[in-house]
Each structure stands twice: as structure tokens, then as C-alpha cells.
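Results of the structural survey
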Amino acid sequence: MSIPGLDPRDAGADGRVHRLRGLSLLTLVLAIAAPLVMYFGRIPGLNEFDYLIFYRLLFYNDLIGSLAMLLALAAMLLVRPLRDRVARLADWMSLHPGRASLVAFVLFAVMARIVYQGFPLAMDEYVQLLQARIFADGQLVASYPPELLDRMIPPGFQGYFILVNHETGQAASVYWPGLPLLMAPFAKLGGEWLLNPALAAIGLWLIGDLASKASGQPGARGWAMLAALASPQYTVNALSFYAMPGVLTLNLLFFWLLLRPGWRPAMLAGVVGSIALVMHNPLPHALFAMPVGIWLLMDGRRRSRLLPLALGYLPLVLMLCLGWPMLMDTMGLRVSVPAADGTGFVDLWSQKLRQTFAIPDANLLRVQAYSLWKALIWAAPGLLLVALLAKQRSDIQRVLLAGLLLSFAFYFFFPHDQGHGWGYRYIHHAWAVVAITAGIFAVADNGMRTQFASAVLGAGLLATPVFLFMTQQTIALSIAQQPTVPAQGHSLVFISNRQQLYTADLVRNYPSDNGHTVRMLGSDPEGDAAFARQISADAVRVSFDERGSVWMVPHRARSFE
């Protein structure tokens, strides 16, 4: 059975034609099935805001995204001139990878302002930006009035997203400080939203170069880069404040350096790897690095790179990977676990690690099945299949694929869904093998495979604006839940706790606010009014609606001096 628009005569009469027909058919079947699975996965009688955020994005945003991918794939299969344009674009990117990466950076940066609106949507994003602004302010931790801590940082987030000390009022991100340290110079200049676009553009160049090295064909470079750009998994995350785009790029650079002989690249790889370890938490890099370490051990010539690699890791591992959590502990800033008072540092973190594993029950199996669908929907059609089913693999592909599979296997036992996130974000740090294998696949011959690659990558490019629009709308909805704050003067903002809209996530107080705008979790109108006048007897309410209330004070409240 042939797929419309793919002429089997282009590929010659061999067994590869039948395999490619099967791949094409499976790609089309999954593209048709995806919106059906999203639609019929809904529970009758529930509306969009009755779902937790993981399922809300899945059953609504991903439904629309999967429909867009299906329609775009149909268009690409039926219109050959569109496929020819995709092939010409891939060829241009192969010839000009640096220029293509620079163009991608500009596009990512513009979209970060238009689509992402410079707004960290999820708490995972906010706490990274909060810590970056703390560092940019020349501090290690933020300081809030102790008596207002439970209002300025919702109790449910304390110890899980933000470490707090109720006695001192100090607070810091629960995550390791790698991403905030990289973001701090940008935050100092008000351009923190530029970091991930820059890292993603560098990652794009590395994806192309690794595809070229793995295949021995320069033409694979442009196809691999285009495969990344045609996948919303890569492009939308490039606009975000999540740590994963940076971890992905650092992982690629780590491996790219280890492909080069000599102790200097190996030591530099260790430095890069140590930064990747502390970008968010150590697991994403560790899962990626394990297959790389095994690959080094399996060959005597490569084995000599292990010692300089370890030496490169050592300084930052001691300073940040171990030193940072210990420093937070000495300041009374501790992770939240169901532990008795007085639990030691080692026991505390041991309990925390034990919470990351669970025997999958029916609910967790359902989450993992939907996560796999997210991985399929958020890549250009068929690319995940190509990555998993490719027969001929280079060492580079095998190592990268092992990192992807190990990551999926590990998070299969993680007892939580990902909540917010674009695509399946738990595997994003190892996702690049999907684009790299697609690039190699596209240049394996000059006929039917190229036509297939042109069709699916073109579909991804055509559908990506829909994913961008849905992302923009999701973020705009969250921004709209914030009460309007006067540009001048000193404001107390009470944000209504509407759980369906995750408005507690909007209680955000940056050091740069300097007490001019203080956001707090609201309770009830009368209670908020009493609390505002307790802070400042001269407080005057200037607005009130379902989003909360805003109070002006004639001068900076004494509590924040």
C-alpha cells in the first residue's frame, strides 16, 4: 500500500520500499488516532477547568495540536511542491548551519516575547527566575517579613518549590542553582527570557553536527536541524523558562566534546557535565551520561578520557551539587518530606529520593501512556517511530537512544504526572536523538526516504504555529487572572485562591519589586481587608473583583522596610 504523494518508483525496487510503506502507514494511523485518543479520553460531564493541568493540556491543547498535525500531514502528502521546498530548506541549512542557528535564535527570541510573553507559567519556571533575580541582586536568598511568609509564599509550595525559613523569612528555590546562575546576567539587564533561545540555538547547531558525524554525510546536518525546528517539543520549550532546553544543549555539548580525542576535550566535557548536573536536579544529566560512560568504558582508547572527565566534574560537583544543598540546610532552608523534627541532612535527602519511585498502579500506567502520546504529538509525525525503529545505527545514535530509553524507563516509575509542560518534558534532556536520527534517515537514499522526510517535516513546520498559538493562549489566560496593579505607588495585592485556575502560582514576589508591589494569597474579602489595614492603617482598596483585591498605601509599608 502506498501513501498518496510518495512515489515508490523514486526509491527503486528493493525491500526498503515495503518497510517505508509500513512506516508511512503507521505514521498516518498514529496521526489519525492521536486526536481520537485525546477526545475520547475525556470524562463525560467534565469541562476543561475540571481537569488537573496535565489532563487539561492533554485533552484540549494537545487535541487541537494533533488535529493540526494531521491536517498538515495530509497537505504535505498531497502537494509535492511543498515537499520540494522543505528539501531545499534542509539543503540550505546543511550549507549554512551557523547562519541557520542565528536565524533560529532571532526567531526564538521574538517568539519568547510574543508567545511566552516573558512570563514563567509554571512554578518550575518561576522559581528558576526568582533565584536568578536573587543572584542578580547580589544575594544568595530572598528575604521576606517572617510574619507574612505564609501569605507571600503559599504553604503548599513551601519545601516543594521554594525553601523557606519561618524564623528568618529567608527563601530560595528548591532546585540546584545552575540555570539561575546562567540566567542571572540576563536578569540583571532585564533579558532573562533570552537565555533559553540562545541555548536552544546552540543546541540546534550541535544536533546538526552530531547528525553529520554519525552519518558521515554533510547533508544530514540540515535535515536534523530542520527536524528539531519542525517539532514543537523543541521549539516551544526553547521559548520557556524551563531548565530542560539548557540541559539538552549541555548534554549534547558534553557528548560532542567526548567524541574528540585528548584529555583537554574530556576535562572540558566534565565541566560542561557538572553544569548540566546542577541546572535543575542531577537526574536528567545523570540518566543521559550513564550510557556515555558505558560507551567510554567499552573501548581502551576511549577509556583514557575517564580520568580527565572526572577531574572536570569535580570542582562544581563539590561546590554546587553537594555544597549548595548543604548551604541551604545550614540556613534552615530544607526540602519538605514527611519526617520527624531533627532529621539529619543525609536522612532527609534519602527520604526525598525514596519518594521518586513507585510501583506503577493503574493511574500511573495511564499517565505514562498519555505521556508517550504527548511525545508523539509534539514531534513532527513519524519522527519518534524513525528514532525507535531505525535498523542501521552509528555509535552516536546508539548512545543517544540509550539515554532516551533510560530516561523514559526511569520516569516510568516516577509517581507523579508532569503537570504543566510542553510535550513530554521529562525526556526533553535526551530528546535530540529523535531529530538526529531523522536527519540521518532523510539522506540514507535520494528517493522515497527523502520524500517521506520532506512530508513529515513539512507537516511539523505547518502545524507548529498552532502549537505556538495554543501555548500563547494558555499563558495569556494565566496572566489575565492577576489583578491589575497601578504603575505608581505602593500596592498590596491579594490574589484569590481559585484552584481550577492555579492562581496560587501567581503569588510572586521578586527582590527587584523591593516591596513596592507585594503579592499575597487572599483568603476572603473581609479577612484581606483586615490584613491590609494591619500592614498599613492607611491602606485604601482601589479595586476588587473575582481575581482578588488591590490596596494602595501612601508610603512603603513598615513591614517591608
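Right above here is the structure, for reference.
This structure is a prediction, so every number in the text was calculated from the model and none was measured.

Right, let's talk about the sheet that holds strand 1 (residues 142-143) for a bit. Strand order in the open sheet made by the three strands is 1-3-2, with antiparallel pairing throughout. Because the sheet does not close on itself, it has two edges, and the strands there are strand 1 and strand 2 (162-164). Pairing between strand 1 and strand 3 (residues 170-173): two bridges, direction antiparallel. Counted as the bridge partner of Ser143 is Gln170 from strand 3.

The space that makes up the second largest pocket amounts to roughly 540 Å³. Looking at the second largest pocket, it is lined by 20 residues, and the ones nearest its centre are Ala390, Lys391, Gln392, Phe441 and Arg449. Among the secondary structure elements, those contributing two or more residues to the lining of the second largest pocket are helix 1 (15-40), helix 8 (195-215), helix 18 (383-389) and helix 20 (432-442). Element by element, the count of residues in the lining of the second largest pocket is highest for helix 1, at four residues. Considering only residue class, the lining of the second largest pocket consists of ten nonpolar, six polar and four charged.

Helix-helix packing is described using two parameters, namely the angle between the two axes and the distance between the axes. Viewed as axis vectors pointing N to C, helix 13 (residues 283-297) and helix 19 (residues 395-412) meet at an angle of 140°, and their least axial separation amounts to 9 Å. The orientation of helix 13 relative to helix 19 falls into the category oblique. In the crossing of helix 13 with helix 19, the sense of the turn from one axis to the other is right-handed. From helix 13, Leu283, Pro284, Leu287, Phe288, Met290, Pro291, Val292 and Trp295 reach across to helix 19, where they touch Asp395, Val399, Leu400, Ala402, Gly403, Leu406, Ser407, Phe410 and Tyr411. Looking at side-chain class alone, the contact of helix 13 with helix 19 contains 14 nonpolar, two polar and one charged residues.

This paragraph deals with the nonpolar core. If you look at the biggest cluster of nonpolar residues, it comprises 188 residues, and the most contacted ones within it are Ile162, Ile207, Trp223, Tyr234, Phe254, Leu457 and Leu492. If you tally residues by element for this core, the top one is helix 2 (residues 53-78), at 13 residues.

Any empty space left between the atoms is revealed when a probe the size of a water molecule rolls over them. Using the criterion set out here, one finds seven cavities of 30 Å³ or more in the structure. Lining of the largest cavity is provided by 17 residues; of these, Leu30, Ala31, Leu376, Ile377 and Pro381 occupy positions nearest its centre. Residue composition of the lining of the largest cavity, by class: 14 nonpolar, three polar and no charged.

Parameters at a glance
- Residue indices follow the written sequence of each chain, beginning from 1 at its first position.
- Local features in a predicted model are, by the rule used here, given only for residues with pLDDT of at least 70; side-chain atom pairs are given and counted only at 80 or more, and totals for whole chains, interfaces and linings are based on all residues.
- Excluding hydrogens and water, the side-chain figures rest on all heavy atoms present in the structure.
- What makes two strands pair is DSSP finding at least two bridges between them.
- Put simply, DSSP marks the helices as runs of H or I at least four residues long and the strands as runs of E at least two long, and each gets a number from the N terminus on.
- The definitions used throughout rest on a 1 Å grid laid over the protein atoms alone, on which a cavity is an enclosed set of points accommodating a 1.4 Å probe that cannot get out and a pocket is an open set flanked by protein within 12 Å on both sides along at least five of seven lines; lining residues are those having an atom within 4 Å of a point.
- Grid points are joined across faces, edges and corners, and a volume is the space filled by probe spheres set on the points.
- For this classification, the nonpolar set comprises Ala, Val, Leu, Ile, Met, Phe, Trp, Tyr, Cys and Pro, the charged set comprises Asp, Glu, Lys and Arg, and every other residue, Gly included, is treated as polar.
- The axes are straight lines fitted to the C-alpha atoms, using for helices just the contacting stretch, and the angles between their N-to-C directions are given from 0 to 180°.
- Should an angle fall under 35 degrees it is taken as roughly parallel, and over 145 as roughly antiparallel, whereas 65 to 115 is taken as roughly perpendicular and any remaining angle as oblique.
- Helix crossings fall into two classes, left-handed where the near helix is turned counterclockwise from the far one by less than a right angle and right-handed where it is turned clockwise.
- By definition, residues are in contact when any of their heavy atoms lie within 4.5 Å.
- Joining through side-chain atoms within 4.5 Å is the link that ties buried Ala, Val, Leu, Ile, Met, Phe, Trp, Tyr and Cys residues into a set, and such a set is a nonpolar core.
- For each residue, the accessible area found with a 1.4 Å probe, counting protein chains only, is set against the maximum for its type, and the residue is called buried under 20%, exposed over 50%, and partly exposed in between.

As far as function goes, none of this settles anything; it's purely spatial.
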